[in-house]
Amino acid sequence: MAVPVPELEERALACAERLAAADRVLLASHIDADGLTSAGIAATALERAEIPFESVFEKQLDDKAIAAIAAREEETVLFTDFGSGQLEAIGEHADEFTPVIADHHRPAETGFEPDHHMNPLLVGIDGAAELSGAGTTYVLARALESVAGSEADNRDLAALAVVGAVGDMQASGGELEGANAEIVKQGVEVGAVETSTDLALYGKQTRPLPKLLEYATDVRIPGISNDAGGSLRFLESLDVDLRTAEGSWRCWSELADDEKQSVASGLVRRAVSKGVPAEKIEGLVATSYVLAGEPVGSELRDASEFSTLLNATARYARADVGLGVCLGDREGALDRARTLLREHRRNLAEGIEWVTEEGVTREEHVQWFHAEDRIRETIVGIVAGMAMGSEGVSRSLPIVAFAEKEGEAGEIKVSTRGTGRLVSRGLDLSTAIGEAARAVGGDGGGHDVAAGATIPAGRESAFLDRLDTAVGEQLS
Ligand code: C5P
Ligand code: C5P
Ligand code: C5P
Ligand code: ZN
């Protein structure tokens, strides 16, 4: 067996052996794209190894959630895409269950050292950029092949690991790197994943061309981005016919190579003529990751669209639907997920519109907004990240978003997002938010580039003061 990340092999084998020795396993995972794909990988690998299990999903692995897990019968609990940040609380239940952890969040500093713990950050690999929760779980799945003594070949699960990494924005530099790239290679080997250098716009499988161009705002092209009429005129000005026989616009995925070439070079010409800087134009092209087994035109074929579909389920308390899709349900679960996706998209668009209209408040080192109950706490971080760089929201300051926690009066959710550039200057939101949250009676953590917390209502400005100072120190 070749695990794709040799640094994790020993830990992976220890975790796999523990799972294989269990009568039953409780699989607990996080409610986002990376958490769902982690669960999909773990569930499939456990099933192939004939290890009985049940799964649960949590928004946040807080003390309450851990206590509920401890109260269950299963003696072995596999945590995926969370767990490392909650070692202390998990340790308090050490006599009630054995934790097996496959995570990539910053490990909590505590006296409790679990025997079965996989995390890229423990072996010198960047957990925010080079390996996701799903990638870590994939390494575990490969290790399970050998200890379970089954004939399983889990390399097909690399496709889900790619979706998890892309969903956690680990390809935001243009392609997946490091340990992620090894996983991609294994997926390509078995024909589950295809990579190509392609247009870096979101929606290549499902958005008709005018919408693809209009909504693409990561690289802003004057007269096309956010401009429905301009996008249409641009497409009509090209000398290729980009419509179907019935006259409706095709999607990017349906175009032939020469047609793609015409659109792409037209876009580059337009960007150059409008004075878009060269390094921005380079960002129009990136490596795209395709799930080869999915039909052309399905959101499941594009890793990025797949991840959004998953967020549309689990972040709305329908993790069961997203897991169904990960496990291959192409009927009921996929239909339901598509319905949820329409609503998710509407919520994202409305949220971003609200933030840009309302504006953000600038402190010295961070900028922030308080959505109260206008944006769901489970998507306020996505909205914050997507709003960065739009009108009035700088990309040179980390963004901090507050929202009320539904059904938990007195608690406020905080989400923060930075950029790769800020991280290279020393930003570590995970540490900063953890310190600031604990100082006001809350708790939090995450990654250097994206982190979250829960704090008591009314403590927002004290929290902001602390966070602003901590970020200022990191960036000085
Ligand atoms: O909990 P989890 O690790 O799955 O979430 C990671 C979060 O960090 C995602 O919301 C992802 O979009 C965000 N992120 C980001 N920019 C990066 C890396 C991660 O916004 N470069
Ligand atoms: O939680 P995280 O910050 O990763 O969320 C980013 C989400 O936004 C991803 O699911 C990504 O696929 C989605 N997205 C989108 N439309 C875009 C860019 C990103 O729906 N234009
Ligand atoms: O919730 P949000 O998308 O803002 O989370 C950003 C990152 O911070 C995720 O990786 C999430 O798991 C992490 N986080 C955390 N502790 C919290 C809230 C979020 O570790 N209390
Ligand atoms: Zn993750």
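Calculation rules
Residues numbered from 1 in each chain as written. Chains lettered and ligands numbered in written order. Predicted model: local features only at pLDDT ≥ 70, side-chain atom pairs only at ≥ 80, totals over all residues. Heavy atoms only, no water. 1 Å grid on protein atoms, 1.4 Å probe; cavity = no way out; pocket = protein on both sides within 12 Å on 5 of 7 lines; lining within 4 Å. Points joined across faces, edges and corners; volume = space filled by probe spheres on them. Nonpolar A, V, L, I, M, F, W, Y, C, P; charged D, E, K, R; others polar. Pairing = 2+ DSSP bridges. Helix = DSSP H or I, 4+ residues; strand = E, 2+ residues; numbered from the N terminus. Core = buried A, V, L, I, M, F, W, Y, C linked by side-chain atoms within 4.5 Å. Buried < 20%, exposed > 50% of the residue type's maximum accessible area, 1.4 Å probe, protein only. Contact = heavy atoms within 4.5 Å. Donors = N, O, S within 2.8 Å, 3.2 Å for Na, K, Ca; no water. UniProt positions renumbered as here; feature names shortened; annotations may be inferred. Axes fitted to C-alpha atoms, helices over the stretch in contact; angles between N-to-C directions. Left-handed = near helix turned anticlockwise from the far one by under 90°. Near = heavy atom within 4 Å. Polar contact = N/O pair within 3.5 Å; in protein donor to acceptor, adjacent residues only side chain to side chain. Areas by Shrake-Rupley, 256 points an atom, 1.4 Å probe, with all protein chains shown as cover. Expected span 1.5 Å × (residues − 1). Arc of directions from axis to C-beta. Parallel < 35°, antiparallel > 145°, perpendicular 65-115°, else oblique.

A. Just empty space enclosed by the protein, in detail. All told, the structure shown has one cavity of 30 Å³ or more when counted by the stated rule. Quantified by volume, the largest cavity comes out at close to 40 Å³. Leu201, Leu213, Ala216, Val219, Ile221, Ile224, Ser225, Leu267 and Leu284 are the residues that line the largest cavity. Grouping the constituent residues of the lining of the largest cavity by class yields eight nonpolar, one polar and no charged.

B. Highlighting the sheet that holds strand 1 (residues 25-30). Taking strand neighbours across the sheet as the criterion, the five strands line up as 2-1-3-4-5 in an open arrangement whose pairing is parallel. Edge strands, defined here as strands with exactly one partner in the open sheet, are strand 2 (53-58) and strand 5 (117-118). Here six bridges tie strand 1 to strand 2, and the two strands are oriented parallel to one another. Counted as the bridge partner of Leu27 is Ser55 from strand 2.

C. A look at the nonpolar core. One finds Leu19 and Leu78 to be the most contacted residues of the largest nonpolar core, which totals 69 residues. With residues near it in sequence (within four places) discarded, Leu19 still touches Val25, Leu46, Ile51, Thr76, Leu78, Val100, Leu140 and Leu144.

D. A look at the coordination of the zinc ion (ligand 4). For the zinc ion (ligand 4), every protein donor is listed as Asp34 (OD), Asp81 (OD), His104 (NE2) and Asp168 (OD), and the spread of their distances is 2.1 to 2.3 Å. Here the donor residues of the zinc ion (ligand 4) share one chain and are spaced in sequence as D-x46-D-x22-H-x63-D. Taken together, the residues span a long stretch of sequence, with Asp34 in helix 2 (residues 33-48) and His104 in the loop between strand 4 (98-102) and strand 5 at a distance of 70 residues. Assigned by exposure class, Asp34 and His104 land together as buried.

E. Examining the UniProt feature "domain: DHHA1" (unreviewed entry) in the protein chain more closely. With numbering matched to this structure, UniProt assigns "domain: DHHA1" (unreviewed entry) to residues 372-471. Along residues 372-471, the helical share is 36% and the strand share 24%, with 24 Å between the first and last C-alpha atoms.

F. View of the packing of helix 6 (residues 158-167) against helix 7 (residues 179-189). At a closest axis distance of 8 Å, the pairing of helix 6 and helix 7 adopts a crossing angle of 145°. Our pair here, helix 6 against helix 7, has a crossing hand that is left-handed. Within the contact between the two elements, helix 6 uses Ala158, Ala161, Val162 and Ala165 and helix 7 uses Asn180, Ile183, Val184 and Gly187. Broken down by class, the residue content of the contact of helix 6 with helix 7 amounts to six nonpolar, two polar and no charged.

G. Focus on the site of ligand 1. Surveying the vicinity of ligand 1 reveals 13 residues, the closest of which are Asp32, His105, Asp168, Met169 and His447. Separating an oxygen atom of ligand 1 from a side-chain N or O atom of Arg417 is a distance of 3.0 Å. Within the complex, the protein chains bury 85% of what would otherwise be the 470 Å² of accessible surface of ligand 1. Partitioned by chemical class, the residues of the shell around ligand 1 number three nonpolar, five polar and five charged.

H. Spotlight on the layout of surface pockets. Empty space within the second largest pocket amounts to approximately 390 Å³. Taken together, 20 residues line the second largest pocket, and the ones lying closest to its centre are Ser196, Thr197, Asp198, Trp252 and Lys260. Contributing elements (two or more residues each) for the lining of the second largest pocket: strand 6 (193-199), helix 10 (257-273) and strand 7 (285-291). No other element matches the six residues that strand 6 contributes to the lining of the second largest pocket. The residue makeup of the lining of the second largest pocket, split by class, is six nonpolar, seven polar and seven charged.

I. Spotlight on the UniProt feature "domain: DDH" (unreviewed entry) in the protein chain. In this numbering, the UniProt entry assigns the feature "domain: DDH" (unreviewed entry) to residues 25-162. The span residues 25-162 is 36% helical and 17% strand by assignment, and the distance between its end C-alpha atoms comes to 25 Å.

J. Looking closely at the site of ligand 2. Around ligand 2, the structure places Gly167, Met169, Tyr202, Ser304, Ser307, Thr308, Asn311, Arg315, Ile382, Met386 and Arg417. With respect to ligand 2, the backbone of Ser304 contributes an N or O atom lying 3.4 Å from an oxygen atom. For ligand 2, whose free accessible area comes to 480 Å², the fraction covered by protein is 85%. Mapped by element, the contributors of at least two residues to the shell around ligand 2 are helix 12 (303-314) and helix 15 (380-387). Split into classes, the residues belonging to the shell around ligand 2 amount to four nonpolar, five polar and two charged.

K. Seen up close, helix 10. Here helix 10 is 17 residues long and its end C-alpha atoms lie 24 Å apart, about the 24 Å a rise of 1.5 Å per residue gives. Buried within helix 10 are the following residues: Glu259, Lys260, Val263, Gly266, Leu267 and Ala271. Relative to the axis of helix 10, the buried residues are bounded by an arc of 130° and lie together on one face. Exposed and facing more than 90 degrees away from the buried side of helix 10 are Asp257, Asp258, Gln261, Arg269, Val272 and Ser273. Buried residues along helix 10 sit against strand 6, helix 8 (209-215), helix 9 (228-237) and helix 11 (278-282). Phi turns positive one or two residues past the end of helix 10, at Gly275, with a value near 80°.

L. Up close: the environment of Cys251. Mapping Cys251 onto the fold places it in the loop between helix 9 and helix 10. Placed 46 residues apart in sequence, Cys251 and Gly297 show a C-alpha to C-alpha distance of 7.5 Å. Non-local contacts of Cys251, meaning those with residues more than four positions away in its chain, are made with Lys204, Gln205, Thr206, Arg207, Pro208 and Leu209.

M. View of the packing of helix 13 (residues 319-326) against helix 14 (residues 332-358). Axis separation between helix 13 and helix 14 bottoms out at 8 Å; the angle between their running directions is 125°. What the angle tells us is that helix 13 and helix 14 run oblique. Along this stretch, helix 13 crosses helix 14, giving a crossing that reads as left-handed. Across from Val321, Gly324 and Val325 in helix 13, the residues of helix 14 making contact are Ala333, Leu334, Arg336, Ala337 and Leu340. Grouping the amino acids of the contact of helix 13 with helix 14 by side-chain chemistry returns six nonpolar, one polar and one charged.

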